[in-house]
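What the coordinates show
Chain residues, written in single-letter form:
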Amino acid sequence: MGAAFVAVFRRDILQAWRRRADWLNTLFFFVIVVSLFPLGVGPEPEPLRTMAPGILWVAALLAAMLSLQRMFGDDFADGTLEQLILAPQPLPWLALAKIAAHWLLTGVPLTLLAPVLGLQFGLEGEPLFVLVAALLLGTPCLSLIGAVGAALTLGVRGGGVLVALLVLPLYIPILIFGAGAVAASAAGISAAPHLSLLAAGLLLALALAPWATAAALRVAAE
Amino acid sequence: MLEITDLACRRGERLLFRGLSFSVGAGELLWIEGRNGAGKTSLLRILCGLGVADAGEIRWRGRPVRRGDETFARERLFLGHANALKDDLTVAENLHFAARIAGSDGTLDAVDRVLEACGLAAVRGSPVRHLSQGQRRRAALGRLWLAQAQPLWILDEPFSALDTDSVDRLSALLGAHLERGGAAVLTTHQEVALPAGRTRRLRLDA
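Fair warning: this is a prediction, and the values are worked out from it, not measured in the lab.

Once that is clear, we can look at the overall build of chain A. Secondary structure assignment for chain A yields nine helices and zero strands. For chain A, the succession of helices and strands along the chain, N to C, is α-α-α-α-α-α-α-α-α. Relative to the globule expectation of 17 Å for 222 residues, the C-alpha radius of gyration of chain A, 18 Å, shows essentially globular dimensions. When each of the 222 residues of chain A is scored for burial, the buried share is 51%. The long-range fraction of contacts in chain A, counting pairs at least 24 apart against all pairs at least 6 apart in sequence, stands at 82%.

Pasting the structure below:
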């Protein structure tokens, strides 16, 4: 069981490495959106600092969503998905391997980039640490929930818009608590409640999303 | 080994087939014939578990096959229209991955032997995107060489896009598979020399 998980995970990483331009797009998008805000809003440090958590989170969320289409799209088109479904290993397990690879390729780099971009907005000290912690808990949720949306819209024309419609409502709680954690910390209040709720969301998504994804993939392949 | 009773499949309003019953024993090959759109691919997808039948039952070694049946999943191999190859990975990497997923022998040695056997040793390290249609099909068929442990092969148009050499190689491989007591179900539009005496035909549109 572990061998197949590792095989799927490694193949996705290898594939992404061979097509670096594709996934670097996601990261560039994140950096560009976040960097444009100070230019548009103006250079006063105070409004920028208050807006920073929201801007960083919204940009991370949109960047993660941009990459969802490719999550199962290629596998669906070239027949690999059929082989994954027919594999002796449970499909939710293999879906989780793909989700983990997606997180490593988008969530982790976004989390690493975020504090650097946060400095642009005058965030420093504890709020920066809270930002990283919140993203570490929140970005896996984005991959998990996004996988369900991506699987549900496989083979549908105009799937990109549909994914956004399906997934964004579910992303909103993560956005609220993620940005809330950083804002609370910047205001000198404890960020613990926000982070706990994010962690609870992560556990819930981890428990449900692989199964929902697998069910949607089976329907798509039929 | 494989018994089908009263199988029916409908696509939208159209009934593809119904009351279909047949069995495939050890060492037997079933050649499913029929014009385009007769439901050959649908039948194969139902047999391997990708599709759902509207009625009927599939039994493997006497036991009804259920969705997510792990023993059945280990014992059957499906090769569809799509090659299931990744354009950016090399031929060897693709085969290695396919073997690991199917739970068959996926060591690098085994992959090398297979590439030798299906005449792809020269393009071992090339990305699949540089291969011709026929070479891609051969690379996909490489999974058959790795799947010696799976007794049931379900093959959808395995001979398409192959040159005569490869057709002969594949026929020989199928012969060896049946010799070992394996079973196979396949569709093809080409007249190929399938192992005589072990092949039965089934017409879907009869």
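Below, the discussion takes up the sheet that holds strand 2 (residues 14-24) of chain B. All names here are of chain B. Judged by pairing direction, the sheet is antiparallel, and its four strands sit side by side in the order 2-1-4-5 without closing on themselves. Edge positions in the open sheet fall to strand 2 and strand 5 (63-64), since each of these has one partner strand only. Pairing geometry for strand 1 (residues 2-11) and strand 4 (residues 55-60), over five bridges, is antiparallel. In the sheet register, Thr-5 faces strand 4, and the bridge partner there is Glu-57.

Bringing the pattern of salt bridges into the picture now. Think of it this way: side chains of opposite charge can pair up when their charged atoms draw near. Counted by the stated rule, this structure contains 23 salt bridges over all chains. Note that A:Arg19 and B:Asp88 form a salt bridge whose closest N and O atoms lie 3.4 Å from each other. Placement of the pair is A:Arg19 in the loop between helix 1 (2-18) and helix 2 (20-41) and B:Asp88 in the loop between strand 6 (76-79) and helix 3 (91-102), with the two residues belonging to separate chains. The shortest N-O distance in the salt bridge between A:Glu82 and B:Arg45 comes to 2.7 Å. Separated into two different chains, A:Glu82 in helix 5 (residues 80-86) and B:Arg45 in helix 1 (residues 40-48) make up a pair that spans both.

The interface is formed by 25 residues belonging to chain A together with 26 residues belonging to chain B. Both sides together, the interface formed by chain A and chain B hides about 2,400 Å², and carbon and sulfur atoms give 56% of it. Summed over the three residues of chain A that lose the most area to chain B, namely A:Leu86, A:Pro88 and A:Glu222, the buried surface amounts to 27% of that side. Counting across the interface, chain A meets chain B through five salt bridges. Elements with a contribution of two residues or more to the side of chain A that touches chain B: helix 1, helix 4 (69-78), helix 5 and helix 9 (192-221) of chain A. Looking at the side of chain A that touches chain B, the element that brings in the most residues is helix 1 of chain A, giving eight residues.

In this section: a nonpolar patch on the surface. All names here are of chain A. On the surface, Leu-152, Val-156, Val-161, Leu-162, Leu-165 and Leu-166 cluster together to form a nonpolar patch covering roughly 520 Å² of accessible area. In terms of residue count, helix 8 (residues 159-186) provides more of the nonpolar patch than any other element does, four residues in total. For Leu-152, a relative accessible area of 49% corresponds to the partly exposed category.

Residue and element names in this part refer to chain B. Pairing within the open sheet is parallel, and its five strands lie in the order 6-7-8-3-9. What marks the edges here is a single partner per strand, and that holds for strand 6 and strand 9 (199-203). Strand after strand, the sheet turns through a mean of 15 degrees between neighbouring axes, direction not considered. In this sheet, strand 8 (residues 183-187) lies alongside strand 3 (residues 29-33) in parallel orientation, the contact comprising four bridges. Directly across from Trp-31, in strand 8, lies its bridge partner Leu-186. Helix-sheet contacts for helix 5 (residues 133-146) involve strand 6 and strand 7 (152-156), and the interaxial angle to strand 6 is about 175 degrees.

Turning our eyes to something else, we now look at the packing of aromatic side chains. Residue and element names in this part refer to chain A. For the coordinates displayed, the defined rule picks out two aromatic pairs over all chains. Relative to Trp-93, the ring of Phe-5 lies with its centre 4.6 Å away and its plane at 40 degrees, an arrangement referred to as tilted. Of this pair, Phe-5 sits in helix 1 while Trp-93 sits in helix 6 (residues 91-120), and the two are 88 residues apart along the sequence.

Turning to the packing of helix 3 (residues 45-66) of chain A against helix 7 (residues 126-152) of chain A, a few remarks are in order. Residue and element names in this part refer to chain A. For the pair helix 3 and helix 7, the least separation of the axes is 11 Å and the interaxial angle reads 30 degrees. In terms of their interaxial angle, helix 3 and helix 7 are classed as roughly parallel. In this structure, helix 3 meets helix 7 at a crossing whose hand is right-handed. In contact with Leu-56, Trp-57, Ala-60, Leu-61 and Ala-64 of helix 3, helix 7 contributes Leu-131, Ala-134, Leu-135, Gly-138 and Leu-142. Here the contact of helix 3 with helix 7 is built from residues that sort into nine nonpolar, one polar and no charged.

What follows covers the pairing of strand 4 of chain B. Where a strand is regular, its side chains alternate between the two sheet faces. Residue and element names in this part refer to chain B. Looking at chain direction, strand 4 and strand 5 are connected through two bridges and run antiparallel. Paired with Trp-60 across the strands is Arg-63, a residue of strand 5. Hairpin remark: strand 4 followed by strand 5, antiparallel, with two residues in the connecting loop; positive phi at Arg-61, about 50 degrees.

What follows covers the packing of helix 5 of chain B against helix 6 (residues 164-179) of chain B. All names here are of chain B. One way to put it is that helix 5 packs onto helix 6 with a least axis distance of 11 Å and a crossing angle of 20 degrees. Overall, the two elements helix 5 and helix 6 adopt an arrangement that is roughly parallel. The crossing of helix 5 and helix 6 is left-handed. Contact residues: Arg-138, Leu-141, Leu-144 and Trp-145 in helix 5; Ser-166, Arg-169, Leu-170 and Leu-173 in helix 6. Of the residues belonging to the contact of helix 5 with helix 6, the class tally is five nonpolar, one polar and two charged.

Our focus in this paragraph is the pairing of strand 1 of chain B. All names here are of chain B. In this structure, strand 1 lies alongside strand 2, joined through seven bridges in antiparallel fashion. In the strand pairing of strand 2, Leu-2 is matched with Val-24. The turn linking strand 1 back onto strand 2 is made up of two residues, and Gly-12 within it adopts a positive phi angle of 65 degrees.

Parameters and conventions
Residues numbered from 1 in each chain as written. Chains lettered and ligands numbered in written order. Predicted model: local features only at pLDDT ≥ 70, side-chain atom pairs only at ≥ 80, totals over all residues. Heavy atoms only, no water. Helix = DSSP H or I, 4+ residues; strand = E, 2+ residues; numbered from the N terminus. Rg over C-alpha atoms; globule rule 2.2 N^0.38 Å. Buried < 20%, exposed > 50% of the residue type's maximum accessible area, 1.4 Å probe, protein only. Contact = heavy atoms within 4.5 Å. Pairing = 2+ DSSP bridges. Salt bridge = Lys/Arg side-chain N within 4 Å of Asp/Glu carboxyl O. Buried area = accessible area lost by both parts, 1.4 Å probe. Patch = residues over 30% accessible without salt bridge, like charges linked within 9 Å, V, L, I, M, F, W, Y side chains within 5 Å. Areas by Shrake-Rupley, 256 points an atom, 1.4 Å probe, with all protein chains shown as cover. Axes fitted to C-alpha atoms, helices over the stretch in contact; angles between N-to-C directions. Phe/Tyr/Trp six-rings, centres within 6.5 Å; stacked < 30°, edge-to-face > 60°. Parallel < 35°, antiparallel > 145°, perpendicular 65-115°, else oblique. Left-handed = near helix turned anticlockwise from the far one by under 90°. Nonpolar A, V, L, I, M, F, W, Y, C, P; charged D, E, K, R; others polar.

Any functional reading would require information that these geometric values do not contain.
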